Amino acid sequence: MYRKLIAFSIGLMISPELMTAQVLSEDDVVDRVMAIVGDSIILQTEVQEELQRMAMSGGITLPDPGPELDQMMSQVLDQIVNRTLVLQEAARDTLIRIEESEIEDRVTSRINEVTQQFGGQSGLQQALEADGLNLAEYRDLLRTQVRQEQTQQLFLQRSLQATLHFLVPHPS
């Protein structure tokens, strides 16, 4: 019994199909790490998604692949790195609290604005479908974005207040 098991195991180990390593081609790459910030990574798809969001909400047209698109991606990557640094520092600040009701109000407001930009609900849904999203997924993306924006804003306000408190002389 053990001889059969050992023979089978050795056969698996020296099988030519199992010994050849598959090499991934450029087409097989799913995503790329663009930056590492603290304990977070920023993927190429995150940068591309941010560009798409900017194009949808700001009405900008994304250029064809080339130097102009590379420059835009570099600028967006810098923004994401800066935002990630602030969010990581804000996560350490236990006094920052974000109200979910305020987040939902802002998300609803943004969706209403974008709906108007696309000429109504059907126009928005068509634009979202073209980007491979539905309204629920878009709402989730906006919710994350709004939460991050509010966290950044509160953190920067607290930092500014602490700095001003330190710089402004107080009567003794």
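Residues numbered from 1 in each chain as written. Predicted model: local features only at pLDDT ≥ 70, side-chain atom pairs only at ≥ 80, totals over all residues. Heavy atoms only, no water.

Draft legend 1. How the structure looks around the overall build of the chain. Regarding its fold elements, the chain presents seven helices and two strands. Counting helices and strands in the order they occur from the N terminus, the chain gives α-α-β-β-α-α-α-α-α. A burial count over the chain gives 25% of its 172 residues as buried. A separation of at least 24 residues holds for 66% of the contacts in the chain among residues at least 6 apart in sequence. If you sum the accessible surface of the chain, you get close to 12,600 Å²; carbon and sulfur atoms cover 56% of it. (Helix = DSSP H or I, 4+ residues; strand = E, 2+ residues; numbered from the N terminus. Buried < 20%, exposed > 50% of the residue type's maximum accessible area, 1.4 Å probe, protein only. Contact = heavy atoms within 4.5 Å. Areas by Shrake-Rupley, 256 points an atom, 1.4 Å probe, with all protein chains shown as cover.)

Draft legend 2. Looking closely at the pattern of salt bridges. All told, the structure shown has six salt bridges when counted by the stated rule. Notably, a salt bridge pairs Arg139 with Glu104, separated by 3.8 Å at the nearest N-O pair. Taken together, the positions of Arg139 in helix H7 (residues 135–167) and Glu104 in helix H5 (residues 100–117) put the pair 35 residues apart, joining distant regions of the chain. Given a relative accessible area of 24%, Arg139 falls into the partly exposed group. The residue Asp140 makes a salt bridge to Arg143 at a minimum N-O spacing of 2.6 Å. Here Asp140 and its partner Arg143 are both found in helix H7, three residues apart, which amounts to about one turn of the helix. Given the relative accessible area of 42%, Asp140 is considered partly exposed. For Arg143, a relative accessible area of 18% translates into the label buried. When salt bridges that share partners are traced, they join Glu104, Arg139, Asp140 and Arg143 into one network. (Salt bridge = Lys/Arg side-chain N within 4 Å of Asp/Glu carboxyl O.)

Draft legend 3. Expanded view of a nonpolar patch on the surface. Residues Val33, Ile36 and Ile41 make up a contiguous nonpolar surface patch of roughly 300 Å² in combined accessible area. Inspection of the secondary structure assignment puts Ile41 in strand E2 (residues 40–43). (Patch = residues over 30% accessible without salt bridge, like charges linked within 9 Å, V, L, I, M, F, W, Y side chains within 5 Å.)

Draft legend 4. Local environment of the side chain of Glu50. Here Glu50 lies in helix H3 (residues 44–58). Judged by its relative accessible area of 8%, Glu50 is buried.

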